[in-house]
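What follows is the residue order along each chain.
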Amino acid sequence: MSRATVELDFFGMSKENSSSSSKSKFLNRQRSFRDIQSAISKMNPELLKSVIASGSAASNKSTPDNGNQMSSNKSFSVPSTPKQELPPFPALPVYFPLPRLNLENPLETAPLTIFYNGTVAVFDVPRDKAENILKLAEKGISKTVVEPVADPRTDHQQKLLESLDGDLPIARRKSLQRFLEKRKERLALETPYASTPNTRFQGRKTMKNHYSFWAGLGLASKDEKDSLLN
Amino acid sequence: MGEKFWVKEEKGMAESVLGVEACEFLITSASKNLLNDLVSPPVNLGVQQGLGKIVEGSHWNYVIFWYASGLKSGGSVLVWGDGICQDPKGGGVVHGSTSADGELEGVEKRKVKKCVLRKLHACFNGSDDGSFAASLDEVSDVEMFYLTSMYFTFRCDSAYGPGEAFKSGRPTWASSMASCLDHYHLRSVLARSAGFQTVVFLPVKSGVLELGSVKSIPEEHDSVEKLKRSVWGF
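Note that the coordinates shown come from a computational prediction; the quantities given were computed from them, not determined experimentally.

Participant: Residues and numbers for the overall build of chain A, please.
Facilitator: For chain A, the count of helices and strands is eight helices and three strands. Along chain A, helices (α) and strands (β) appear in the sequence α-α-β-β-β-α-α-α-α-α-α when read from the amino end. The contacts in chain A between residues at least 6 apart in sequence include a share of 55% that link residues at least 24 apart. Of the roughly 15800 Å² of accessible surface on chain A, 55% is carried by carbon and sulfur atoms.

Participant: Can you lay out the pairing of strand 2 (residues 76-85) of chain B for me, pointing to particular residues and giving the numbers?
Facilitator: Residues and elements named next belong to chain B. For strand 2, the tally of buried residues reaches nine of 10 residues, placing the bulk of the element in the interior. Relative to strand 2, strand 1 (residues 62-70) is paired through nine bridges, and the arrangement is antiparallel. What sits directly across from A68, in strand 2, is L78. Where strand 1 folds back onto strand 2 in an antiparallel hairpin, the turn is made up of five residues, including G74, whose phi is positive at roughly 110 degrees. Here strand 2 pairs with strand 3 (residues 154-155) via two bridges, running antiparallel. Within the sheet, the bridge partner assigned to V77 lies in strand 3 and is R155.

Participant: Account for the environment of B:N61, with residues named and values stated.
Facilitator: All names here are of chain B. Mapped onto the secondary structure, N61 falls in the loop between helix 3 (48-55) and strand 1. When the C-alpha atoms of N61 and G212 are compared, they prove to be 5.8 Å apart, with 151 residues separating the residues in sequence. If sequence neighbours within four positions are ignored, N61 has contacts with I84, C85, Q86, D87, P88, V142, F196, G212, S213 and V214. A distance of 2.8 Å separates a polar atom in the side chain of N61 from the backbone nitrogen of V214.

Participant: Break down the packing of aromatic side chains for me, with residues and values.
Facilitator: Residues and elements named next belong to chain B. For the structure on display, the rule yields 13 aromatic pairs over all chains. Ring centres of W66 and W80 lie 5.9 Å apart, and the angle between their planes is 90 degrees; on these two criteria the pair is classed as edge-to-face. Remark: W80 occurs in strand 2 and W66 occurs in strand 1; sequence separation between them is 14 residues. Comparing W66 with W80 shows no difference in burial state: the two are buried.

Participant: Describe the pairing of strand 2 (residues 109-116) of chain A, and please don't skip the residues or the numbers.
Facilitator: Residue and element names in this part refer to chain A. Of all eight residues making up strand 2, six are buried, and the element is well covered by its neighbours. Both strand 2 and strand 3 (residues 119-126) contribute to a ladder of eight bridges, which runs antiparallel. By the bridge assignment for strand 3, Y116 is matched with T119. Hairpin connection between strand 2 and strand 3: a loop of two residues separates the two successive antiparallel strands, and N117 in this loop has a positive phi of roughly 50 degrees.

Participant: Tell me about the sheet that holds strand 2 of chain B, and name the residues and values.
Facilitator: All names here are of chain B. Read from one edge of the open sheet, six strands run 3-2-1-6-5-4, paired in antiparallel fashion. Of all strands in the sheet, those with a lone pairing partner are strand 3 and strand 4 (172-174), marking the two edges. Across seven bridges, strand 5 (residues 198-204) lies against strand 6 (residues 207-213) in antiparallel orientation. Counterpart to F201 in the pairing with strand 6 is E210. In this fold helix 3 packs onto strand 1, strand 2 and strand 6, with an angle of close to 60 degrees to the strand it touches most, strand 2. Lying over the sheet, helix 7 (residues 161-168) contacts strand 1, strand 2, strand 3, strand 4, strand 5 and strand 6, oriented at roughly 135 degrees with respect to strand 6.

The rules we used
Residues numbered from 1 in each chain as written. Chains lettered and ligands numbered in written order. Predicted model: local features only at pLDDT ≥ 70, side-chain atom pairs only at ≥ 80, totals over all residues. Heavy atoms only, no water. Helix = DSSP H or I, 4+ residues; strand = E, 2+ residues; numbered from the N terminus. Contact = heavy atoms within 4.5 Å. Areas by Shrake-Rupley, 256 points an atom, 1.4 Å probe, with all protein chains shown as cover. Buried < 20%, exposed > 50% of the residue type's maximum accessible area, 1.4 Å probe, protein only. Pairing = 2+ DSSP bridges. Polar contact = N/O pair within 3.5 Å; in protein donor to acceptor, adjacent residues only side chain to side chain. Phe/Tyr/Trp six-rings, centres within 6.5 Å; stacked < 30°, edge-to-face > 60°. Axes fitted to C-alpha atoms, helices over the stretch in contact; angles between N-to-C directions.

What follows is the structure, encoded as structure tokens:
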């Protein structure tokens with residue numbers, strides 16, 4: 001199963017959007033919300049939890065409202081950071097607690113927007129769930145502080161080792177790599193000498209005698225030559 | 001896992017190149033994931049230099065080191081350890097590969113070989129690595145044999161090929177095409193396309209060396225000793 005990150009160009013950051021009016025931004029956002037929500041519904045809830053848990057609510061950037069007044073939507077205003085200016089701490093989701101959440105009915109849901117590592121996720125959650133998520137995030141921060149750093153790494157290493165055993169047989173791969181490299185070598189040697197009589201690759205002995213070959217390949221040092229021969 | 005599933009067309013293509021039996025064997029083998037069952041997987045074998053000494057300046061078109069390992073489920077098996085392929089006709093050097101009988105190959109056959117290799121790669125590695133097949137536009141039949149061999153395994157109690165040599169501890173030296181094909185067993189279709197006339201299985205420390213040539217190389221009284229000395233210095 002692929003673990004592709006869902007990267008949604010929520011604000012049309014990939015193209016020049018300075019010319020678009022705030023109204024069209026709003027419309028784009030609404031369309032994007034739907035797209036995002038359908039993407040989110042396919043997301044693994046465990047993955048989501050880990051995303052939240054590894055974040056920090058402390059990086060709460062207060063941002064100026066960039067003119068998108070959407071009180072009916074009750075979403076957060078987003079910093080209109082230009083594409084180049086990525087946050088210096090890429091692993092942290094940015095949290096914007098709802099300042100004026102006024103839900104009469106406890107079951108009424110409102111969109112909860114989470115920013116993580118350049119991606120955006122929106123969830124329609126009731127108030128109590130939102131609070132739970134916030135609590136989880138807080139717990140997550142303290143958890144990562146306390147636990148040894150090696151933990152997520154060993155998990156990753158474990159998975160890598162498992163994949164090496166099964167999916168990536170080292171012996172076969174190495175032989176294959178060597179085979180492909182040799183082919184490249186041969187092709188590189190053959191092409192510049194298409195007109196010479198001895199164009200066949202006879203074996204390494206012939207190569208050793210043709211130092212001009214090496215010059216042609218741009219190999220400076222003896223070491224490079226040796227490493228190619230061996 | 002779509003990669004492990006073979007559609008009819010893929011199977012047909014593979015059978016045309018590998019032969020029906022080899023194709024069946026490989027498809028079954030891929031689903032078994034044998035390498036997970038090895039007691040000692042082949043890592044850091046350090047035989048590449050020795051293999052190079054055998055092949056360099058010789059008439060051998062390939063040498064393969066089959067590595068012996070016990071199976072957690074019992075018994076022992078020979079799996080790919082390392083190898084070298086030396087084919088003057090290979091590597092796309094000549095414009096258009098020629099098959100064993102000297103005829104120029106059609107574009108179709110080259111495409112089929114490439115597809116089959118790509119499928120095997122995806123099937124055994126669990127992912128379709130597009131970049132792998134990109135460089136395999138013109139694969140000679142010798143190279144096809146060599147690359148496909150990587151996916152074969154041999155039980156150490158078999159009556160053929162590397163398994164038999166390992167079991168008996170005695171080398172096999174076949175220097176005519178007919179007897180070669182016998183010893184190649186499941187790989188005989190590939191071997192016939194490649195045009196091998198000599199095949200040798202040499203039991204060595206921790207495995208079996210296999211050598212093949214499109215030339216007929218008769219065994220001499222010290223051939224085996226010379227080979228062993230090249231690799232292991234004894």
